[in-house]
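Coordinate inspection notes
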Amino acid sequence: QFDAITRLAALALETPIALISLVDRDRQWFMSRYGLEAQQTGRDISFCAHAIADHDTLVVTDAMADPRFMDNPLVREAPGIRFYAGVLLETPDGRALGTLCAIDRRPRELTDAQRETLELLAGQVMALLELRRIGRKLVDQTKRLEDQQRRLMERELQLASLLDSMVEGVVVQDRSGAILLANPSAE
């Protein structure tokens, strides 16, 4: 699903590269990538880190003419970034995770329609991440419930075994007098 989004971003913005880039303290790693072999780079040279610092969409029309990026090895060497458009991926509580970005090897402008498309796709990335988070939470809750059910069944078997082995008769009734349980000795 994430690969489909990066492919759509590349098609919509007509760029050879599109990435879902997540940033930690030291690096950016590519959760999904289209048109780029690298799986990660250092945070210190990432364009994405600038979008996170600004808490906004970052558009660089010509990285060679931008003092922030002109000496960046990603500009000077492979992949030769000249154009970058990255939409911030942000959790509902305001935590910046990374960007959905489109990259070109030539300078260019970003149209309003392309910006809107990239922002809409970034929203889909966040929706998918949220669904994954909820899914993991549900799986964890299901495992806990299964563990509780297993323990209850074990206790039930222990109790049944104890009641079955008792010499004394045991009868359990509800308030109306209906018999709920009787061990073999009571029978």
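Scroll up to find the structure.
A brief structural summary. (Residues numbered from 1 in each chain as written. Predicted model: local features only at pLDDT ≥ 70, side-chain atom pairs only at ≥ 80, totals over all residues. Heavy atoms only, no water.)

On the surface, Asp54, Asp56, Asp112, Glu116 and Glu119 cluster together into a patch of negative charge. No other element matches the three residues that helix α4 (residues 112-165) contributes to the negative patch. Following the sequence through the fold, Asp54 ends up in helix α2 (residues 48-54). (Patch = residues over 30% accessible without salt bridge, like charges linked within 9 Å, V, L, I, M, F, W, Y side chains within 5 Å. Areas by Shrake-Rupley, 256 points an atom, 1.4 Å probe, with all protein chains shown as cover. Salt bridge = Lys/Arg side-chain N within 4 Å of Asp/Glu carboxyl O. Lys, Arg positive; Asp, Glu negative; His and termini not counted. Charge placed at Lys NZ, Arg CZ, Asp CG, Glu CD. Helix = DSSP H or I, 4+ residues; strand = E, 2+ residues; numbered from the N terminus.)

In this section: the packing of aromatic side chains. Two measures describe an aromatic ring pair: the distance that separates the ring centres and the angle between the ring planes. A complete count under the given rule lists two aromatic pairs for this structure. A centroid spacing of 4.0 Å and a plane angle of 5° characterise the contact between Phe47 and Phe69, whose relative ring orientation is stacked. Pair noted here: Phe47 is in the loop between β3 (40-42) and α2 and Phe69 is in the loop between β4 (58-60) and α3 (73-76), with a separation of 22 residues, a long-range link. Here the aromatic residues Phe47, Phe69 and Tyr84 are joined through ring pairs into a cluster of three or more. If you follow Arg108 out to its NZ or CZ, it ends over the ring of Phe83, 4.9 Å from the centre. (Phe/Tyr/Trp six-rings, centres within 6.5 Å; stacked < 30°, edge-to-face > 60°. Lys NZ or Arg CZ within 6 Å of the ring centre and 35° of its normal.)

Here the focus is the side chain of Asn183. Secondary-structure assignment places Asn183 in the segment after β8 (179-182). Judged by relative accessible area, Asn183 falls into the buried class, the value being 1%. In this structure the side chain of Asn183 is engaged in a polar contact, spanning 2.9 Å, whose partner is the backbone nitrogen of Val170. Within the local environment of Asn183, its side chain forms a polar contact with the backbone nitrogen of Ala186, the two atoms lying 2.9 Å apart. (Buried < 20%, exposed > 50% of the residue type's maximum accessible area, 1.4 Å probe, protein only. Polar contact = N/O pair within 3.5 Å; in protein donor to acceptor, adjacent residues only side chain to side chain.)

On to α4, then. End to end, α4 covers 79 Å across 54 residues, agreeing with the expected 80 Å (1.5 Å per residue, within 8%). Within the sequence span of α4, burial applies to Gln114, Leu118, Leu121, Ala122, Val125, Met126, Leu128, Leu129 and Leu163. Close packing links the buried residues of α4 with α1 (2-13), β1 (17-23), β2 (27-34), β5 (83-90), β6 (96-104) and β8. (Expected span 1.5 Å × (residues − 1). Contact = heavy atoms within 4.5 Å.)

Turning our attention to the environment of Leu11. Examined against the element boundaries, Leu11 turns out to sit in helix α1. For Leu11, a relative accessible area of 48% gives the class partly exposed. Spatially, the C-alpha atom of Leu11 lies 9.6 Å from that of Ala102, the residues being 91 residues apart in sequence.

What follows is about unusual backbone geometry. Residues Ala78 and Pro79 are joined by a peptide bond in cis, for which omega reads 10°. Of note, Pro79 is situated in the loop between α3 and β5.

So, about the side chain of Thr15. One can find Thr15 in the loop between α1 and β1. Separated by 3.0 Å, the side chain of Thr15 and the backbone oxygen of Ile17 make a polar contact. Excluding residues that lie within four positions of it along the chain, Thr15 makes contacts with Ala9, Ala10, Phe83, Ala102, Ile103, Asp104 and Arg108.

Time to look at the pairing of β6. Of all the nine residues making up β6, seven are buried; the element is thus mostly covered by neighbouring parts of the structure. Where β1 and β6 come together, six bridges link them in antiparallel fashion. Considered in β6, the bridge of Ser21 is made with Thr99. In terms of strand pairing, β5 meets β6 through eight bridges, oriented antiparallel. In the sheet register, Ala85 faces β6, and the bridge partner there is Ala102. Here β5 folds back onto β6 in antiparallel fashion, the turn holding five residues, of which Gly94 has a positive phi close to 90°. (Pairing = 2+ DSSP bridges.)

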